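Spelled out, the chains give:
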Amino acid sequence: MLKVGIMGASGFAGEELIKILFRHPEVKIAALAAKIEKMHISKMYPWAKAMLDMDCYDMSAQEVGKKTDAVFLALPHKVSMDFAPVLLKQAKKVIDLSADFRIKDKDVYEKWYEIKHECPEYLEKAVYGLPELYRKEVQKADLIANPGCYPTSIILGCAPLLKKKAVDTSYIICDSKSGVSGAGRTPTQALMFTEIATNSFRPYKVNFHRHMPEIDQELSSLSGAKIEVNFIPHLVPMERGILSTIYLKLTKKMNTKEALEMYKDFYKGEYFVRVLEDGILPDTKNVVRSNFCDIGIKVLPEKSLAIVMTAIDNLVKGASGQAVQNMNIMYGFDEKTGL
């Protein structure tokens, strides 16, 4: 039985990890840590009463490491880099859900996150944990940089066409909408029920969201060309889910049917990516609380334009579910176990 720990158990992603890992037949949750006074997990999450008998408290990385084989860091950006090296030096496998190890270039990370990276020596060692693209690397990894939610929805949507070099890489538009849980559990006025529930639908951080360098890095790697996307995130009045609409200028002639065949071939054997049939478009309600990414495509040949639409649950495929998918691959479990 694999003993796992969760640091950051009081956040949305931490809670989702507890739910997934509790039902995982190969795993025992051995440590729960958060910056709180010691309390029974059922006090934090009443749904866990009579299910999980353990305390959650402000535990050091050293203490978590002593209790576990693998640790999930469901921590804020800029925090994980303080804990990951401690755990790795204890020979623990680490799956980090923050951005601290996603961006390979230290200078780019420091520019976008406005903080000095404390352990840049781990940036090259970290494996970007998008299993559909990096499964072989994930199998051998000790440190996983779990992708962001927006990047997951966009990279999976772009990958097949970019790999085929069928896209004008100079101008890619990514228009994404996310439920409010993507902003985390820390309360702010903008996320209050009275602000969100009045049919409010708004863009934010237009073309300077911190997920942009992560998206650019991975799309550039896929295409072999330098890519700088135009990324516009929006907040929609729903609990969870992301719908991304991506506009790609085509350099090769194709129609919708041909594009769909390309996507089906690219994701053949990938259980968690579902390429939808012609005329069927993604809907967040069909992926919520699941680890699936649904992809729909419409090609406008007269405009040489492919419109790719993806839907994921930001807390599952966009965070905790993908983290468990990575754990399954690292330890040789069936990839779908617990998911």
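Our structure is the block above this text.
The numbers attached to residues start from 1 for each chain and follow its sequence in the written order. The predicted nature of this model means local features are confined to residues of pLDDT at least 70 and side-chain atom pairs, given and counted, to a pLDDT of 80 or more, with totals for whole chains, interfaces and linings taken over all residues. Computation of side-chain values: all heavy atoms of the structure, hydrogens and water removed.

A. Broad picture of the nonpolar core. Throughout this description, the term nonpolar core refers to a set of buried Ala, Val, Leu, Ile, Met, Phe, Trp, Tyr and Cys residues connected via side-chain atoms within 4.5 Å. Residue exposure (1.4 Å probe, protein chains only): buried if accessible area is under 20% of the type maximum, exposed if over 50%, otherwise partly exposed. Formed by 42 residues in total, the largest nonpolar core has its most connected members in L161, I172, L219 and L248. Counting residues per element, the ones that place at least two in this core are α7 (149-163), β9 (167-178), α9 (212-223), β12 (242-250), α10 (256-266), β13 (273-275), β14 (293-300) and β15 (305-312). Counting from the N terminus, the helices are the DSSP runs of H or I reaching at least four residues and the strands are the DSSP runs of E reaching at least two. No other element matches α7, which puts nine residues into this core. Throughout, a contact is declared for two residues whenever any of their heavy atoms are within 4.5 Å. Residues within four places of L161 in sequence aside, it is in contact with A166, V167, L248, L250, M254, M262, Y263, A306 and V308. If you look at the next biggest cluster of nonpolar residues, it comprises 35 residues, including V4, I20, L52 and F72.

B. Summary view of the packing of aromatic side chains. Think of it this way: a Phe, Tyr or Trp ring, Trp meaning its six-membered ring, pairs with another when their centres are within 6.5 Å, and the plane angle makes it stacked under 30 degrees, edge-to-face over 60, tilted otherwise. Throughout the structure, instances matching the rule amount to nine aromatic pairs. Between Y128 and Y134, the aromatic rings sit 6.3 Å apart at their centres with planes inclined by 90 degrees, giving edge-to-face as the arrangement. Under the relative-accessibility criterion, Y134 is labelled buried at 18%. Both rings, one in F272 and one in F292, keep their centres 5.7 Å apart while their planes meet at 55 degrees; by these two values the pair is tilted. Of the two residues, F272 sits in the loop between α10 and β13 while F292 sits in the loop between β13 and β14, which places them 20 residues apart along the sequence. Residue F292 is classed as buried on the basis of its relative accessible area, which comes to 15%. Through successive ring pairs, a cluster of aromatic residues spans Y271, F272 and F292. Any Lys NZ or Arg CZ that is within 6 Å of a ring centre and within 35 degrees of that ring's normal is treated as a charge sitting over the ring. In this structure, R274 is placed above the aromatic ring of F292, and the distance from its NZ or CZ to the ring centre is 4.0 Å. The side chain of K336 reaches across the aromatic face of Y271, ending 5.1 Å from its centre.

C. Seen up close, the side chain of S98. Mapped onto the elements of the fold, S98 is located in the loop between β6 (93-96) and α5 (106-113). Overall, the relative accessible area of 0% leaves S98 in the buried class. Whenever two N or O atoms come within 3.5 Å, that pair is a polar contact, provided that in protein one can donate a hydrogen and the other can accept it, and provided that, for residues adjacent in sequence, both atoms are side-chain atoms. Within the structure, the side chain of S98 is placed 3.3 Å from the side chain of S80, a separation counted as a polar contact.

D. View of unusual backbone geometry. Its identity as a non-glycine residue notwithstanding, A91 has a phi of 65 degrees, on the positive side. Along the chain, A91 falls in the loop between α4 (80-89) and β6.

E. The pairing of strand β2 (residues 27-33), seen in detail. With respect to burial, β2 is a largely interior element, six of its seven residues being buried. Once the chain exits strand β1 (residues 2-7) it traverses helix α1 (residues 12-22) before rejoining the sheet at β2, and the crossover so formed is right-handed. Handedness of a crossover: with both strands directed away from the viewer, a clockwise path from the first strand across the helix to the second marks it as right-handed.

F. Quick peek at the sheet that holds β15. Strand order across the open sheet formed by seven strands is β10-β11-β9-β12-β15-β14-β13, with mixed pairing between neighbours. The outermost strands of the open sheet, each flanked by one partner alone, are β10 (202-203) and β13. Two strands form a pair only when DSSP identifies at least two bridges running between them. As judged from the eight bridges shared by β12 and β15, these two strands associate in the antiparallel manner. Bridging from a neighbouring strand, L248 pairs with A306 of β15.

G. Expanded view of the pattern of salt bridges. Any Lys or Arg side-chain nitrogen found within 4 Å of a carboxyl oxygen on Asp or Glu counts as a salt bridge. Counted according to the given criterion, the structure contains 18 salt bridges. Linking R240 and E239 is a salt bridge whose minimum nitrogen-to-oxygen distance equals 3.6 Å. You can call R240 buried: its relative accessible area is 7%. Here D313 makes a salt bridge to R240, at a shortest N to O gap of 2.8 Å. Remark: R240 occurs in the loop between β11 (230-235) and β12 and D313 occurs in the loop between β15 and α11 (316-330); sequence separation between them is 73 residues. No difference in accessibility class separates D313 from R240, as the two residues are buried.

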